[in-house]
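# Examination of the molecular architecture
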Amino acid sequence: MHTSILPPGPKEAFNLNADDASFHKMGQLLHEFGDIVCIQNARTQHSDIFVNHPDYIKQVFVTENRNFQKGTGFDRVKILLGNGLIVSDGDFWARQKRMIQPMFHKCVLRNVYEIICQCNERLMSSWKAAAIENKPINITKDTSYLALEIILRSLFSEDYDEMSYKGVNPFFILAEQTARDLDLVVKYHGLGKYIKECMRDRIEQNRYPDDFLSMLMLVEDKVTHQRMTEKEILDEVKTLIVAAHETTAATTNWIWYLLSKYEDVSATILNEIEQIEDDFPNFEELDKLSYTKQVIDEVLRLYPPVWLLSREVVTNTELGEYQLTSGTNVFISPYYIHRHRDYWSQPTNFYPYRFNAANMKNINRYTYIPFSMGQRRCIGEIFGIIEMKIHIAYVCRHLKLKYIDEKPIRLEALINLRTEDDFFMQVSARH
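Everything numeric in this text was worked out from a predicted model, so none of it was measured. Chains are numbered independently. Their residues run from 1 in the order of the written sequence. Residues qualify for local features only when their pLDDT is at least 70, as the model is predicted, and side-chain atom pairs are given and counted only at 80 or more; totals for whole chains, interfaces and linings, by contrast, use all residues. Note: side-chain values were computed over all heavy atoms of the structure, leaving out hydrogens and water.

## What about the sheet that holds strand β1 (residues 36–40)?
Reading across the sheet, the 5 strands line up as β1-β2-β8-β5-β3 and stay open at both edges, with mixed pairing between neighbours. Edge positions in the sheet fall to β1 and β3 (68–70), since each has one partner strand and no second. With strand direction ignored, the average angle separating the axes of adjacent strands in the sheet is 30°. When DSSP finds two or more bridges between two strands, those strands count as paired. Secondary structure is summarised from DSSP: a helix means a run of H or I of at least four residues, a strand means a run of E of at least two, and numbering begins at the N terminus for each. The sheet contact formed by strand β5 (residues 309–313) and strand β8 (residues 329–332) spans 4 bridges and is antiparallel. Pairing of Arg-311 across the sheet is with Val-330, part of β8. Across the sheet, helix α2 (residues 54–63) is in contact with β1, β2 (47–51), β3, β5 and β8; its angle to β8 comes to roughly 120°. Comment: axis = line fitted to C-alpha atoms, over the contacting stretch for helices; angle = value between 0 and 180 degrees taken between N-to-C directions. It only takes one pair of heavy atoms within 4.5 Å for two residues to be counted as in contact.

## Here's the deal with the nonpolar core
Grouped together as the largest cluster of nonpolar side chains are 119 residues, with contacts concentrated most on Phe-156, Phe-212, Ile-241 and Leu-401. Ignoring anything within four residues of it in the chain, the contact list for Phe-212 reads Met-103, Phe-104, Val-108, Leu-109, Val-112, Ile-151, Ser-154, Leu-155 and Phe-383. Ile-36, Phe-68, Leu-319 and Val-330 belong to the second-largest nonpolar core, a separate cluster that totals 20 residues. Remark: nonpolar core denotes a set of buried residues (Ala, Val, Leu, Ile, Met, Phe, Trp, Tyr, Cys) joined through side-chain atoms within 4.5 Å. Here the term buried applies to any residue with accessible area under 20% of the maximum for its type, exposed to any over 50%, and partly exposed to those in between, with areas from a 1.4 Å probe on protein chains only.

## What to know about the state of the cysteines
A covalent bond between the sulfur atoms of two cysteines is referred to as a disulfide. Two cysteine sulfurs form what is called a disulfide whenever their separation falls within 2.5 Å. In total, this model carries 0 disulfides according to the counting rule given. For the unlinked cysteine Cys-198, the closest cysteine sulfur is that of Cys-119, found at 16 Å. Free of any disulfide, Cys-378 has its nearest cysteine sulfur in Cys-107, 18 Å distant.

## Structural notes on unusual backbone geometry
The backbone of Asn-206 shows a phi angle near 50°, a positive value even though the residue is not glycine. Along the chain, Asn-206 falls in the loop between α11 (192–205) and α12 (212–218). One non-glycine residue, Ser-372, lies in the positive phi region at around 70°. Residue placement: Ser-372 occurs in the loop between α17 (357–360) and α18 (381–398). Judged by its relative accessible area of 9%, Ser-372 is buried.

## Let's talk about the side chain of Thr-292
Its place among the elements puts Thr-292 in helix α15 (residues 290–302). We classify Thr-292 as buried; its relative accessible area is 1%. What Thr-292 contacts, discounting residues up to four positions off in sequence, is Ile-269, Glu-272, Lys-389 and Ile-392.

## Details of empty space enclosed by the protein
Think of a 1 Å grid over just the protein atoms. A cavity is a set of points where a 1.4 Å probe fits yet cannot get out, a pocket is an open set with protein on both sides within 12 Å along at least five of seven lines, and lining residues have an atom within 4 Å of a point. Grid points are joined across faces, edges and corners, and a volume is the space filled by probe spheres set on the points. If you walk through the whole model with that rule in mind, you get 5 cavities of 30 Å³ or more. The volume enclosed by the second largest cavity comes to roughly 50 Å³. In terms of lining, the second largest cavity is formed by Asn-120, Thr-143, Leu-146, Ala-147, Ile-150, Thr-248, Thr-252, Glu-387, Met-388 and His-391. The dominant element in the lining of the second largest cavity, judged by the number of residues it contributes, is helix α7 (residues 139–156), at 4 residues. For the lining of the second largest cavity, a count of residues per class yields 4 nonpolar, 5 polar and 1 charged. Note that Gly is not counted as nonpolar here; it falls among the polar residues with everything else outside the nonpolar set of Ala, Val, Leu, Ile, Met, Phe, Trp, Tyr, Cys and Pro and the charged set of Asp, Glu, Lys and Arg.

Written out as structure tokens, the structure reads:
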């Protein structure tokens, strides 16, 4: 064994959490102590470790991932989502992943292509009207509702409209109520009745439309040949709604802000999109939008929606030259590793070309983790990228969006990294 001396760190105790105080504190700690920091936890007998180096990240997420399980902070998420894929662990998590993973293969995602296009067409009608009337749009709210409608229709398809009352879906509280507090937890749990009613109706009618919910209801585990229980499906549906909505909405919000600020990037995207004849790129043409993908990658680098990840040491293990005891929490921040000056040239600059084929060869894969890494990498990654590509291509072809508020941007670092204030855009037609 190497020395059991812990990494350097501050003398005063501090509890790291997904909150603004921890977000700013971590930046200070990295500046003062370097790429591995020991923080005394005031609540437990253990020390917390904050790492910001690709070698440590590789060890925690990949090479020795069995020595690490889901860490602190997920208890709050579990209260909202139940024991879904984000918070579950061990054999149960492995079973759920086996059953859910096929839902996000490209051959399946082809089925939700039309849903994504139709939702964007409805939004475009509203934005075109705003352009004609010379009224600003709230891009933060609008992209939030868009991402939420897409995942809801992908889950419930023909039953989606049955859930709505006067055109408003009850799950829209996720877009309307941005605080992730106990009040939202209570309201969100109350929405479980809609999911249960939908499942029971489908069973009674022997009706299984081609959507995500039917796949969850019908899939069998290849090992046990058992299906999910109603409670397991309920937890996974609630997890899919929140995960697919919040991350995509936050990223799309940043995309329009940055495209507004960097007109050369917008022009390059437009040139790429105009090589495609139709309003929407067909499913096969999405792969041709290589520069658009670079823009998405760069936005995710600068503003990863999940800015803080944690793992708990299962058995005594070594991390670099340090020995960590069982129960120690290890924190990793995609936000800070994405801006590490040793691995990124001009890390605070918005430069999509850093993700082109030639430059990608020089990127250490363990310094870019917007979807986490290893076995726990987000299974909805491809779904989110497809969704954003279609949206950007369609909107850029028809409209130009200009950010109209010059006040400084303020980040809100809670469970997801968001803007404290909504972004408002002036809309104008391109042609």
